[in-house]
Amino acid sequence: MLRALLLENLHPHARTILESSGFEVETRTGALDESELIDALDGVHLLGIRSKTNVTAKVLESAPSLMTLGAFCIGTNQIDLRTAAERGVATFNAPFQNTRSVVEIALAEIIALTRRLTDRNAEMHAGVWNKSAEGAHEVRGRTLGIVGYGNIGTQLSVVAESLGMSVAFYNTSEKLALGNARRMGSLEELLEVADVVTLHVDGRKGNAGLFGAEQFARMKPGALFLNLSRGFVIDTGALREAILSGHLGGASIDVFPHEPKRKGDPFESDLRGLPNVILTPHIGGSTEEAQEAIGTFVANKLRDYVATGSTTLSVNLPNLALEQTTGVARIAHLHRNTPGVLAAVNNTLAQHGVNIEGQLLATRGELGYVVTDIGSPLPDGVTEALAAMDQTVRLRVLA
């Protein structure tokens, strides 16, 4: 029986989907460190994680049974994708399913900071009645600066405009501006015009330290700052200084350079206790609706890969959209992308008298993926011959 390991409190739908497909499923509530994960993956074919579990090269090299890996979140920087690809471990994530949840929390935080609800709330809980308009503003007419105009940034752009905000954005690659949003030519240009700056960049290494003292200093006096992307993209010490000096009017931070692994673990940050600062425990996409959608989407991707070989939306393997085979067997051959591999595969099949009913090939960088349906049982020696090819990375035969 195929075995699945699901970590970090994934939505129950994920377990249900996999169990109904014949998997033996083990679930654990928290993240595992490297040595714990290596031990836990013994004999496991499918792994599901969120953002706290790091799947390193050592982990992947120690898990020969592992066929596929699901990140039940947007980010995949916690996974060594190159090593996973080199070992034929198809990796999937959830690129769209929590977009709306992140957009809504960003808007809520923008309004809360602009109205200084954080300070008023703290005062009321302390028994202080401070009915005043001082420092409180409407968001209408203010400029929202979005850094990273991907799935979240674009939807935030549209919804913010409906509230009457002007939108400017900066993205390193060309992106179509939606609505009346303006594309800025540089990050510096955006910082000079934005009343609110919000980060929605991905987890690539080049974004580390994206925002530091220089960038905070360039922001408009009294501007607000939000980070719902990755913890390592900002210098929290520099942000603290910008808040305490009064240069920035407030901030909301959902992600941190070092986060507790498990619910209930202590949290430390130099941003604690600052005025008009909202701190949340990496919950930007944590709504029941988003987690249900993520659990369903990723679990279905993992199930389909195991059952059919389909790699649609895989983040590290060539993409092929495949239905259930109508033939007797399906041969899924992941290989190094060098000239002549397809011919060699077909020549091997022909030498063993195998008739091809259908075949698809896709390539992605250094890898190629050819899937062949055949209409008769595989003769002896075919899989051994294909597996012995110098270019073979991983060979699977699906009934």
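Here is a short report on the structure shown in this document. A quick note: this is a predicted structure, and the numbers were derived from the prediction, not measured.

So, the overall build of the protein
In terms of helices and strands, the protein carries 13 helices and 16 strands. Considering only C-alpha atoms, the protein reaches an extent of 85 × 45 × 30 Å along its principal axes. Buried positions account for 49% of the 399 residues belonging to the protein. Within the structure as shown, the protein displays about 18,300 Å² of accessible surface, and the carbon and sulfur contribution to it stands at 50%. Considering the protein, the positive charge centre built from 35 side chains and the negative charge centre built from 44 side chains are found 3 Å apart.

Observations concerning the side chain of T236
By the secondary structure assignment, T236 is in helix α10 (residues 236-244). Filtering out sequence-adjacent residues up to four positions away, T236 remains in contact with P257, D270 and L271.

What about the sheet that holds strand β4 (residues 68-71)?
Sheet architecture is open: five strands sit in the order β2-β1-β3-β4-β5, paired in parallel fashion. Whereas interior strands pair on both sides, the edge strands pair on one side only; in this sheet they are β2 (24-27) and β5 (90-92). For this sheet the average axis-to-axis angle between neighbouring strands, irrespective of direction, equals 15 degrees. The sheet strands contacting helix α11 (residues 288-308) are β3 (46-49), β4 and β5, and the helix crosses β4 at an angle near 170 degrees.

What to know about empty space enclosed by the protein
To find the voids left in a structure, one rolls a probe of water-molecule size over its atoms. Tallied over the entire structure, the rule returns one cavity of 30 Å³ or more. Lining of the largest cavity is provided by G88, Y305, L317, A332, L334, Y369, R394 and R396. Residues belonging to the lining of the largest cavity are distributed by class as follows: five nonpolar, one polar and two charged.

Some points on the layout of surface pockets
Empty space within the second largest pocket amounts to approximately 300 Å³. Lining the second largest pocket we find L81, R82, A85, E86, V315, N316, R336, R364, G365, E366, L367 and V393. At four residues, helix α4 (residues 81-86) tops the list of elements feeding residues into the lining of the second largest pocket. A per-class count over the lining of the second largest pocket returns five nonpolar, two polar and five charged.

Focus: the packing of aromatic side chains
Within the structure shown, the criterion is met by six aromatic pairs. Ring geometry for F216 and F225: centres 5.0 Å apart, planes at 80 degrees, overall edge-to-face. When the ring of F256 is compared with that of F267, the centres are 4.9 Å apart and the planes differ by 65 degrees; the resulting orientation is edge-to-face. Remark: F267 occurs in the loop between β11 (248-253) and β12 (277-279) and F256 occurs in the loop between β11 and β12; sequence separation between them is eleven residues. In this structure an aromatic cluster arises from ring pairing among F211, F216 and F225. Over the ring of Y305 we find R396; its NZ or CZ atom is 4.7 Å from the centre of that ring.

Things to note about unusual backbone geometry
Residue R116 is not a glycine yet carries a positive backbone phi of 55 degrees. When its relative accessible area of 21% is taken as the criterion, R116 is described as partly exposed. The phi dihedral of L313 falls on the positive side, at around 70 degrees, and the residue is not glycine. By secondary structure assignment, the location of L313 is in the loop between α11 and β13 (329-336).

Points about a negative patch on the surface
A cluster of acidic side chains, namely D33, E34, E36, D39 and D42, defines a negative patch on the protein surface. In this structure, E34 sits in helix α2 (residues 34-40).

A short note on α11
Taking 1.5 Å per residue as the helical rise, α11 with its 21 residues ought to reach 30 Å, and the 30 Å between its terminal C-alpha atoms agrees with that figure. Taken as a whole, α11 has its buried residues at A290, Q291, I294, G295, F297, V298, A299, K301, L302, Y305, V306 and T308. Positive backbone phi, approximately 85 degrees, marks G309, located one or two places after α11.

Procedures and definitions
- Residues numbered from 1 in each chain as written.
- Predicted model: local features only at pLDDT ≥ 70, side-chain atom pairs only at ≥ 80, totals over all residues.
- Heavy atoms only, no water.
- Helix = DSSP H or I, 4+ residues; strand = E, 2+ residues; numbered from the N terminus.
- Buried < 20%, exposed > 50% of the residue type's maximum accessible area, 1.4 Å probe, protein only.
- Areas by Shrake-Rupley, 256 points an atom, 1.4 Å probe, with all protein chains shown as cover.
- Lys, Arg positive; Asp, Glu negative; His and termini not counted.
- Charge placed at Lys NZ, Arg CZ, Asp CG, Glu CD.
- Contact = heavy atoms within 4.5 Å.
- Pairing = 2+ DSSP bridges.
- Axes fitted to C-alpha atoms, helices over the stretch in contact; angles between N-to-C directions.
- 1 Å grid on protein atoms, 1.4 Å probe; cavity = no way out; pocket = protein on both sides within 12 Å on 5 of 7 lines; lining within 4 Å.
- Points joined across faces, edges and corners; volume = space filled by probe spheres on them.
- Nonpolar A, V, L, I, M, F, W, Y, C, P; charged D, E, K, R; others polar.
- Phe/Tyr/Trp six-rings, centres within 6.5 Å; stacked < 30°, edge-to-face > 60°.
- Lys NZ or Arg CZ within 6 Å of the ring centre and 35° of its normal.
- Patch = residues over 30% accessible without salt bridge, like charges linked within 9 Å, V, L, I, M, F, W, Y side chains within 5 Å.
- Salt bridge = Lys/Arg side-chain N within 4 Å of Asp/Glu carboxyl O.
- Expected span 1.5 Å × (residues − 1).

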